[in-house]
Amino acid sequence: MSNTTKTTTAKGQKYDGFTEEERDAMKQRAKELKTSARRGAKTADTESEVLAKIAEMAEPDRVIAERLHALIKASAPDLTAKLWYGMPAYARDGKMICFFQSAAKFKARYATLGFSDEATLDEGAMWPASYALTEITADVEARIAALLRQALS
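Because the structure is predicted, anything quoted here is derived from the model rather than measured.

If you trace the backbone, Thr112 turns up in strand S6 (residues 111–115). Setting aside its immediate chain neighbours within four residues, Thr112 contacts Phe99, Phe100, Gln101, Ser130, Tyr131, Ala132 and Leu133.

In structure tokens, the structure reads:
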């Protein structure tokens with residue numbers, strides 16, 4: 001009897017452990033950590049890396065990520081853009097506050113805007129920490145800007 005658990009995906013494919021997409025994300029994160037360690041205490045401009053990663057995305061993820069990046073830079077200029085598991089993320093004092101995950105990255109139905117536990121979104125005993133994004137409208141922009149203000153308070 002094997003100790004590995006076989007899991008069946010929604011498409012009926014079998015895999016052991018992590019999906020190919022999850023393994024790829026972990027490899028990207030390891031590469032990001034190595035790059036960061038090589039930079040040391042230098043303050044490197046990682047925004048260009050984030051913009052390059054966004055440019056690689058297919059539509060509609062790229063359109064959403066571009067608008068989200070511009071909105072975060074305008075609403076929360078103190079946040080530093082960096083890559084996190086191969087996706088655009090935004091940190092304050094080196095601690096991740098929020099991140100974008102494209103739908104294509106994990107073959108999901110929609111892209112997401114997620115917040116880490118460093119974000120102060122606390123509302124009672126339960127609150128959302130991730131939001132589905134299918135497009136960014138004026139109303140969505142206003143909601144994201146409000147979430148950023150709360151997250152950084």
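Right, let's get into the packing of helix H2 (residues 47–56) against helix H3 (residues 61–75). Where H2 meets H3, the axes come as close as 9 Å, and the angle between the chain directions of the two elements is 155°. Taken as axis vectors, H2 and H3 run roughly antiparallel relative to one another. Counted together, Glu47, Val50, Leu51, Ile54 and Ala55 of H2 and Arg62, Ala65, Glu66, His69 and Lys73 of H3 form the full contact between these two elements. Partitioning the contact of H2 with H3 into residue classes produces five nonpolar, one polar and four charged.

Right, let's talk about the sheet that holds strand S7 (residues 130–133) for a bit. Overall, antiparallel pairing links the five strands, which are arranged S3-S4-S5-S6-S7 in an open sheet. Since the sheet does not close on itself, it has two edges, and those belong to strand S3 (80–84) and S7, each with one partner. Between one strand and the next, the sheet's axes are offset by a mean angle of 25°, whatever the strand orientation. The pairing of strand S4 (residues 87–92) with strand S5 (residues 95–101) spans four bridges and is antiparallel. Considered in S5, the bridge of Ala89 is made with Phe99. Packed onto the sheet, H3 meets S3, S4, S5, S6 and S7 and runs at close to 150° relative to S5.

With 29 residues, the main nonpolar core has Leu68, Leu79, Cys98, Phe100, Phe115 and Leu133 as its most contacted residues. Where this core is concerned, the elements lending two or more residues are H2, H3, S3, S4, S5, S6, S7 and helix H4 (138–151). Among the elements that line this core, the one with the most residues is H3, at five residues. Non-local contacts of Phe100, meaning those with residues more than four positions away in its chain, are made with Met57, Asp61, Ile64, Ala65, Leu68, Met87, Pro88, Ala111, Thr112 and Leu133.

Under the 1.5 Å per step criterion, the end-to-end length of H4 is 20 Å for 14 residues, consistent within 8% with the ideal 20 Å. Of all the residues in H4, the buried ones are Ile144, Ala145, Leu147, Leu148 and Ala151. Looking straight down H4, one finds its buried side chains confined to an arc of 160°; they lie on one side. Away from its buried face by more than 90 degrees, H4 exposes Ala138, Asp139 and Arg149. Taken together, the buried residues of H4 touch H3, S4, S5, S6 and S7.

Moving on, we get to the environment of Ser153. Within the secondary structure layout, Ser153 lies in the segment after H4. A sequence separation of 32 residues divides Ser153 from Leu121, and the C-alpha atoms of the two residues are 8.9 Å apart.

Where H3 meets H4, the axes come as close as 10 Å, and the angle between the chain directions of the two elements is 45°. Taken together, the axes of H3 and H4 lie oblique to each other. Handedness of the H3/H4 crossing: right-handed. Between H3 and H4, the residues in contact are Arg67, Leu68, Leu71, Ile72 and Ser75 and Glu141, Ile144, Ala145 and Leu148, respectively. Here the contact of H3 with H4 is built from residues that sort into six nonpolar, one polar and two charged.

What counts as what
Residues numbered from 1 in each chain as written. Predicted model: local features only at pLDDT ≥ 70, side-chain atom pairs only at ≥ 80, totals over all residues. Heavy atoms only, no water. Helix = DSSP H or I, 4+ residues; strand = E, 2+ residues; numbered from the N terminus. Contact = heavy atoms within 4.5 Å. Axes fitted to C-alpha atoms, helices over the stretch in contact; angles between N-to-C directions. Parallel < 35°, antiparallel > 145°, perpendicular 65-115°, else oblique. Nonpolar A, V, L, I, M, F, W, Y, C, P; charged D, E, K, R; others polar. Pairing = 2+ DSSP bridges. Core = buried A, V, L, I, M, F, W, Y, C linked by side-chain atoms within 4.5 Å. Buried < 20%, exposed > 50% of the residue type's maximum accessible area, 1.4 Å probe, protein only. Expected span 1.5 Å × (residues − 1). Arc of directions from axis to C-beta. Left-handed = near helix turned anticlockwise from the far one by under 90°.

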